[in-house]
Amino acid sequence: MTTPASAARSLREARLARIPRRPFTDTDPALDEAWGYRVQDLDRAGRLAAGERLVGAKLGLTSRAKQRTMGVAQPIVGFLTDAMQLGTGDDERVLGRTAQPRVEPEIAFRLARELDRPLTPWTAEQAVDAVTVAVEVIDSRYAAFGFRLPDVVADNTSAAGFLVGRWTHPRRAGDLATAGCVLSVDGAVAHTATGAAVLGHPLRALVHLSEHLVRRGERLPAGAVVLAGALTDAVPVRPGVVHRAEIRGLGAVELVPADR
Ligand code: OOG
Ligand code: MG
């Protein structure tokens, strides 16, 4: 069996070399979700030891569209570090450090207080002091994003970068379940959805995250960013082109990457 340590090492090499590899489950069908999270934990420890700072968490595969396209029918959780945060002046470099990047529209929450207990759909809103629209840049370490659940969990759920919009108070945002979302590329609509695409209501992503953290004995501090998972399918990133995510009540964000 591929040990978590050797898997973490080879994923790191694939990421730095920008050369996708085969999924581990091709040769090791017995690998499971718990194995994937052990690899992810090692990846996180390595990045934090190298000086990256943990800034939040991300949910993945919380919409039917994503589950169907990626062939994995359950939500997954990954971590976000400051090195993944775009909008700090070098967004355009995203193509230079990814192998097969795609963008997807998301809702981002900011935690009002430490997340250290299970939330319910009724308490989740109080756990948040701000909400906004985001684009996530995903980049798989597996060729053509071909993976199974343990592989994508091990690969930190394809996390590569994220760009958040202007934060809004949750009460000013309106009903997130009925809010319309448009992902457009170069002005042309690529995909549309409503907030309900995310587990019926985007706040349910926070409930899922809280249960995940409690199960693992982990917590997230106040101020942490949580990406709730893409509302629609992703689109490939193209240089010099405007990739725009807009969500009614939350505004819009645009990513315009330069050629590598
Ligand atoms: C897995 C990550 C999915 C989302 O928002 O659904 C994800 C992938 O599609 O490569 O980030
Ligand atoms: Mg995502």
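This text follows the structure it describes.
Cut-offs applied
- Residues numbered from 1 in each chain as written.
- Chains lettered and ligands numbered in written order.
- Predicted model: local features only at pLDDT ≥ 70, side-chain atom pairs only at ≥ 80, totals over all residues.
- Heavy atoms only, no water.
- Helix = DSSP H or I, 4+ residues; strand = E, 2+ residues; numbered from the N terminus.
- Rg over C-alpha atoms; globule rule 2.2 N^0.38 Å.
- Buried < 20%, exposed > 50% of the residue type's maximum accessible area, 1.4 Å probe, protein only.
- Contact = heavy atoms within 4.5 Å.
- Areas by Shrake-Rupley, 256 points an atom, 1.4 Å probe, with all protein chains shown as cover.
- Salt bridge = Lys/Arg side-chain N within 4 Å of Asp/Glu carboxyl O.
- Near = heavy atom within 4 Å.
- Polar contact = N/O pair within 3.5 Å; in protein donor to acceptor, adjacent residues only side chain to side chain.
- Core = buried A, V, L, I, M, F, W, Y, C linked by side-chain atoms within 4.5 Å.
- Pairing = 2+ DSSP bridges.
- Axes fitted to C-alpha atoms, helices over the stretch in contact; angles between N-to-C directions.
- Expected span 1.5 Å × (residues − 1).

A tally of regular secondary structure across the chain gives five helices and 11 strands. In terms of overall size, the chain behaves like a compact globule, its C-alpha atoms giving a radius of gyration of 17 Å where 260 residues would be expected to give roughly 18 Å. On the principal axes, the C-alpha backbone points of the chain span a range of 50 × 45 × 35 Å. Buried residues in the chain amount to 52% of all 260 residues. Put simply, of all contacts in the chain between residues at least 6 apart along the chain, 75% involve residues at least 24 apart. Only carbon and sulfur atoms are counted for the fraction: they give 50% of the accessible area of the chain, which is about 11300 Å².

Evaluation of the coordinates by the stated rule reveals 17 salt bridges. In this structure, arginine 141 engages aspartate 155 in a salt bridge whose closest nitrogen and oxygen atoms are separated by 2.7 Å. A residue pair is termed long-range when its members are at least 10 positions apart, and arginine 141 in the loop between β4 (128–138) and α4 (149–154) and aspartate 155 in the loop between α4 and β5 (159–164) qualify at 14 residues. It is possible to trace a salt-bridge network through shared partners that takes in Asp41, Arg44, Arg216 and Glu218.

If you check the shell around ligand 1, you find 17 residues, and the closest are Leu61, Lys66, Glu104, Ser158 and Ala230. Backbone polar atom of leucine 61 to an oxygen atom of ligand 1: 2.7 Å apart, as the coordinates give it. Contact between ligand 1 and alanine 230: an oxygen atom at 2.7 Å from a main-chain N or O atom of the residue. Protein burial of ligand 1: of its 320 Å² of free accessible surface, 100% is covered by the chains. Among the secondary structure elements, those contributing two or more residues to the shell around ligand 1 are β1 (54–60), α3 (64–70), β3 (102–111) and β4.

Here the focus is the nonpolar core. Counting residues in hydrophobic clusters, the biggest one holds 69 residues, and the most contacted among them are Phe109, Leu206, Leu209, Leu220, Val226, Ile247 and Leu250. Ignoring sequence-local partners within four residues, the contact set of leucine 209 consists of Ala57, Leu59, Val77, Leu115, Leu220 and Val226.

What follows deals with the sheet that holds strand β7 (residues 188–194). An order of β7-β6-β10-β11 is seen for the four strands of this open sheet, with the pairing classed as antiparallel. Looking along the sheet, the strands with just one partner apiece sit at the ends: β7 and β11 (251–255). The average undirected angle you get between the axes of adjacent strands in this sheet is 15°. As judged from the five bridges shared by strand β10 (residues 243–247) and β11, these two strands associate in the antiparallel manner. Bridge pairing links glutamate 246 to alanine 252 in β11.

A separate point is helix α5 (residues 203–216). Think of an α-helix as 3.6 residues a turn; residues three or four steps apart then line up on the same face. Compared with an ideal rise of 1.5 Å per residue, which puts 14 residues at 20 Å, α5 spans 20 Å between its outermost C-alpha atoms and is within 8% of the ideal. Along α5, the residues classified as buried are Leu203, Ala205, Leu206, Val207, Leu209, Ser210, His212 and Leu213. One or two positions beyond α5, positive phi appears at glycine 217, with a value near 65°.

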